[in-house]
Amino acid sequence: MKTPGKMWFALLPVVIWAMTHMGWLAAPVYAASSPSLGSAVSYSVIAGSAVTNTGTTTISGDVGISPGTTPPNYTGFGSVTLGGTIHDADTQADSAQTDRGTAYSALAAQGCDTDYGAVITDLAGKNLVPGVYCSDAFLLTGTLTLNGGPTDVWIFKAASSLTTTGSTANVVFSGGGNACNVWWYVPSTASLDAGSSLVGTIIADTSVTLATGASLDGRAFAHTAEVTLDGNSITGSTCNIPASASSPESDSNQSSGSVEGDSVCTATDIKTVPIIIDTKRLSPTSVSVNWGPYEGIDTFVVEYGLADGKWDYNTKVTGFSTNLNDLPANQPIWIHVAATDNCAIGQYSAAVVAGNSPGMPDTGFAPKSTFPWLPILSLGLVVSALFFLTHQIKRLVTFKR
Amino acid sequence: MGISKEVHAQAPTPTPSLAPIPDSVPSISPFHGVPVRLMIPLLHTNATILPMGVTEDGSMQVPDSITDVGWYKLGARPGQTGTAVIAGHVDGKNGEDGVFAQLKSLKPGAAIGVEDAFGNIGAFIVKDSKTYDQSVDTSKIFASQDGTHLNLITCEGAWDQTKQTYTKRLVVFADLMR
């Protein structure tokens, strides 16, 4: 008689077959959702008390300070290249700060897919699929790889702080991930070391500090205290495509440029390389774009952003034109387009700046009436007066006679 | 890619800043900063240049003041490869002359000067002037990339009571002097 242990050993191949073919061995499905930023979407920087800059800094979107004190609550902006507008303790800043808080709460509400525990977790060297990652504090001393597609979401929830250390600290995507879909939930302070680079939206409850030369492809939001800048680059301020996605069913590498909804698909050989035919500025916050040619594929991925290569927005279009709305007001918008078979994305078109052809300016006012009312009235009065005087003189002469 | 550096004066009140110009548009002149002053000697014009975007209907914005001119900040800067566009009023609400009231008298060969935020002055030479319908396709006026152009625009034609605008636009085409 076989022992139970030997029976299990004999059944092992069957069990493995069943697990692999029936999905039992599939990696857990992580789910993370990007929070809505509301009116904060156009902001690169939000601070609770002040924004202080030193050195030459580039900020692609708006800057808001709320509640702040009596304006100005920002200093050192003589050397800032600002793509947006400063809202200093005004109603717009208040609204953005409120919406920042809503997004912060939405991040807090999401459960941890991976919880590193009460430790300071160095993310350097990690290759992470989409999901919600939690730790007492996060540290980045080298390269963090985020492995997922353009609509996948990564959320890092610290119980205290986020710190990058050294100029080698950086984040890379494998699989076409998007900085718009990376979130840092920081209940205390976020500090980016000199020369380091990070992607994603930092939502800190206290303060955010970027040391000399640190760069952020995302946003720096602080609730109660300062955002401190020193010769930094903060780009990719806005992402108006809400992203909500599950991770791939396994943590194997995705093919570059895969798109949402591709769980069952077969990539075709996409030969179409679109050409953008025309763009037009429709309003301060919207542009239109159309492209061609039709070569058997009529579905396209349109990526756009505030600079060439900074594709902060994306949308999928069936057809050959679309209007891009809710853009940062009166900013140059770069666009490129690629065909997709809903499984893979083909080669992108050359990037163009959209909306460089507005309507003609209105540089005149209604002309004043040119009919000579005043001279005619004056002449009428004079004639009437003369007639009256002549009549009176005649009466006087007649009376004397 | 980087974004070209520019300097903004610090102000106590929040002010929208100028759009950075992508550096994939190559500069061919050391004169390419944000334009701040327009000078047309023949017309005795010396006007402040304000950065402009577009209005809600997608038209280029213009300054409120009839003595200032507006530069289309979503296009090229004067001195950069491409087309820089500056617009100014032809008249005011009370019929007084606007900054570009005499623009129609600017003939080919006339000189135009533009000062940038760094104090550099670039000189442009008028090549041509044309009148267009107000609703014309503006791509060749705003987006030509075949040179270093400066186009000045103002209103012309008859007043359209229905549309509350003039029916025509005068465009003066100028190129950077080499």
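Residues numbered from 1 in each chain as written. Chains lettered and ligands numbered in written order. Predicted model: local features only at pLDDT ≥ 70, side-chain atom pairs only at ≥ 80, totals over all residues. Heavy atoms only, no water.

Peer 1: Would you explain the sheet that holds strand S29 (residues 313-318) of chain A in this entry?
Peer 2: Either a parallel or an antiparallel arrangement is found when strands of a sheet pair, and the pairing is made through backbone hydrogen bonds. Residues and elements named next belong to chain A. Pairing is antiparallel across the open sheet formed by four strands, whose spatial order is S29-S28-S31-S32. Two strands in the sheet have a free side with no partner beyond their single neighbour: S29 and strand S32 (352-354). For this sheet the average axis-to-axis angle between neighbouring strands, irrespective of direction, equals 35 degrees. Relative to strand S31 (residues 333-339), strand S28 (residues 299-305) is paired through six bridges, and the arrangement is antiparallel. Bridging across to S31, Val 301 finds its partner in Ala 338. (Pairing = 2+ DSSP bridges. Helix = DSSP H or I, 4+ residues; strand = E, 2+ residues; numbered from the N terminus. Axes fitted to C-alpha atoms, helices over the stretch in contact; angles between N-to-C directions.)

Peer 1: For this particular structure, what's the right way to read the nonpolar core?
Peer 2: A general tendency of soluble globular proteins is for nonpolar side chains to be buried together. Judged by nonpolar contacts, the single largest core of 44 residues is most densely connected at A:Val51, A:Phe156, A:Trp184 and A:Ile202. Among the elements that line this core, the one with the most residues is strand S20 (residues 197-204) of chain A, at four residues. Leaving out residues up to four positions away in the same chain, A:Ile202 has contacts with A:Leu162, A:Trp184, A:Val186, A:Ala190, A:Leu192, A:Val208, A:Leu216, A:Arg219, A:Ala220 and A:Phe221. Judged by nonpolar contacts, the second largest core, of 26 residues, contains B:Trp71, B:Phe124, B:Val126 and B:Val172. (Core = buried A, V, L, I, M, F, W, Y, C linked by side-chain atoms within 4.5 Å. Buried < 20%, exposed > 50% of the residue type's maximum accessible area, 1.4 Å probe, protein only. Contact = heavy atoms within 4.5 Å.)

Peer 1: Would you explain the interface of chain B and chain A in this entry?
Peer 2: How large an interface is tends to be reported as the accessible area lost when its parts come together. In this assembly, 61 residues from chain B lie in contact with 41 residues from chain A. A combined buried area of about 4,100 Å² lies between chain B and chain A, and 58% of that area is made up of carbon and sulfur atoms. B:Arg169 is the partner of A:Asp362 in a salt bridge, and the nearest nitrogen-oxygen pair spans 3.9 Å. Summed over the shared surface of chain B and chain A, the result is twelve residue pairs in polar contact (both at pLDDT 80 or more). (Buried area = accessible area lost by both parts, 1.4 Å probe. Salt bridge = Lys/Arg side-chain N within 4 Å of Asp/Glu carboxyl O. Polar contact = N/O pair within 3.5 Å; in protein donor to acceptor, adjacent residues only side chain to side chain.)

Peer 1: Sorry if this is basic, but what is going on with the packing of aromatic side chains here?
Peer 2: How two aromatic rings sit relative to each other is given by the distance of their centres and the angle of their planes. Per the stated rule, a full pass over the model turns up 16 aromatic pairs over all chains. Each ring, one from B:Tyr72 and one from B:Phe142, has its centre 5.3 Å from the other, and the planes form 85 degrees; the classification is edge-to-face. Taken as a pair, B:Tyr72 in strand S3 (residues 69-72) and B:Phe142 in helix H1 (residues 139-142) lie far apart in primary sequence, 70 residues in all. Of the residues examined, B:Tyr72 reaches a relative accessible area of 1% and is grouped as buried. Among the aromatic residues, ring-to-ring pairing joins A:Tyr116, A:Tyr133, A:Phe138, A:Phe156 and A:Trp184 into one connected group. Above the ring of A:Tyr104, the side-chain terminus of A:Arg100 is found at 5.6 Å from the ring centroid. Note that A:Lys157 overlies the ring of A:Tyr185, its terminal NZ or CZ placed 5.8 Å from the centroid. (Phe/Tyr/Trp six-rings, centres within 6.5 Å; stacked < 30°, edge-to-face > 60°. Lys NZ or Arg CZ within 6 Å of the ring centre and 35° of its normal.)

Peer 1: Even after reading the chapter, I still don't get a nonpolar patch on the surface, so can you show me in this structure?
Peer 2: Residue and element names in this part refer to chain A. Taken together, the side chains of Phe 388, Leu 389, Ile 393 and Val 397 define a hydrophobic patch exposed on the protein surface, amounting to about 390 Å² of accessible area. Looking at the secondary structure, you find Leu 389 in helix H3 (residues 373-400). The class of Leu 389 is partly exposed, set by a relative accessible area of 49%. (Patch = residues over 30% accessible without salt bridge, like charges linked within 9 Å, V, L, I, M, F, W, Y side chains within 5 Å. Areas by Shrake-Rupley, 256 points an atom, 1.4 Å probe, with all protein chains shown as cover.)

Peer 1: In this structure, what is going on with helix H2 (residues 91-108) of chain A? I would like to understand it.
Peer 2: An α-helical turn contains 3.6 residues, so a residue and the one three or four places further along point in the same direction. End to end, H2(A) covers 26 Å across 18 residues, agreeing with the expected 26 Å (1.5 Å per residue, within 8%). Those residues of H2(A) that sit buried are A:Ala93, A:Ala96, A:Gln97, A:Asp99, A:Arg100, A:Gly101, A:Ala103, A:Tyr104 and A:Leu107. (Expected span 1.5 Å × (residues − 1).)

Peer 1: How should the state of the cysteines be read in this particular structure?
Peer 2: Put plainly, two cysteines are in a disulfide when a covalent bond ties their sulfur atoms together. Residue and element names in this part refer to chain A. Throughout the structure, instances matching the rule amount to one disulfide over all chains. Across the disulfide, Cys 112 is cross-linked to Cys 134 (sulfur-sulfur distance 1.9 Å). Across the S-S bond linking Cys 112 and Cys 134, the dihedral sits near -95 degrees, which makes this disulfide left-handed. One end of the pair, Cys 112, is in the loop between H2 and strand S9 (114-115); the other, Cys 134, is in strand S12 (residues 131-135), and 22 residues separate them in sequence. (Disulfide = S-S within 2.5 Å.)

Peer 1: When you look at the pattern of salt bridges in this model, what are you seeing that I'm missing?
Peer 2: As a working rule, side chains carrying opposite charge can pair if their charged atoms are close by. All names here are of chain B. Per the stated rule, a full pass over the model turns up two salt bridges over all chains. Among the salt bridges present, the one from Lys 168 reaches Asp 133, with a minimum N-O distance of 2.5 Å. Here the residue Lys 168 occupies a position in strand S8 (residues 165-176), and Asp 133 occupies one in strand S6 (residues 121-133), the gap between them amounting to 35 residues. Note on Asp 133: relative accessible area 42%, which makes it partly exposed.

Peer 1: I would appreciate a short explanation of the side chain of A:Arg281 in the present structure.
Peer 2: Here A:Arg281 shows up in strand S26 (residues 275-283). Despite its burial, A:Arg281 pairs with no opposite charge; the closest candidate is B:Glu56, at 10 Å N-O. Here the side chain of A:Arg281 touches A:Ser283 through a polar contact of 3.5 Å, landing on its backbone oxygen. Setting aside anything within four residues of it in sequence, one finds A:Arg281 in contact with A:Ser286, A:Val287, A:Asn330, A:Gln331, A:Ala354, A:Gly355, A:Ser357, A:Pro358, B:Val54, B:Gly58, B:Tyr72 and B:Leu74. (Lys, Arg positive; Asp, Glu negative; His and termini not counted.)

Peer 1: Honestly, the confidence of the model for chain A in this entry has me stumped. Any pointers?
Peer 2: Segments scoring low in pLDDT should not have their predicted coordinates read at a detailed level. Residues and elements named next belong to chain A. On average, residues of chain A score 81 in pLDDT, and 83% of them are at 70 or above. Taken as a whole, residues 1-9 scores under 50 in pLDDT and shows two contacts with residues more than four places along the chain or in a different chain. Taken as a whole, residues 14-29 scores under 50 in pLDDT and shows 14 contacts with residues more than four places along the chain or in a different chain. (pLDDT = per-residue confidence, 0-100.)

Peer 1: Just to check I follow, could you spell out the pairing of strand S2 (residues 45-52) of chain B for this structure?
Peer 2: Within a regular strand, side chains alternate between the sheet's two faces. Residues and elements named next belong to chain B. The sheet contact formed by strand S1 (residues 35-40) and S2 spans four bridges and is antiparallel. By the bridge assignment for S2, Arg 37 is matched with Thr 48. Here S1 hands over to S2 after four residues, with His 44 in that stretch at a positive phi of 55 degrees. Relative to S3, S2 runs parallel, the two sharing four bridges. Directly across from Leu 50, in S3, lies its bridge partner Gly 70.

Peer 1: Sorry, what's going on with unusual backbone geometry here?
Peer 2: Residues and elements named next belong to chain A. At the junction of Pro 71 and Pro 72, the peptide bond is cis and its omega measures out at 5 degrees in the coordinates. Within the fold, Pro 72 resides in the loop between strand S5 (62-65) and strand S6 (74-75). Of note, the bond from Gly 292 into Pro 293 is cis; its omega dihedral lies within 30 degrees of zero at 0 degrees. Relative to the helices and strands, Pro 293 is located in the loop between strand S27 (286-292) and S28. Despite not being glycine, Ala 89 shows a phi value in the positive range, around 50 degrees. Examined against the element boundaries, Ala 89 turns out to sit in the loop between strand S8 (86-88) and H2. Note on Ala 89: relative accessible area 29%, which makes it partly exposed. Positive phi values are uncommon outside glycine, yet Asp 326 reaches one of about 55 degrees. Turning to its location among the elements, Asp 326 is positioned in the loop between strand S30 (321-324) and S31.

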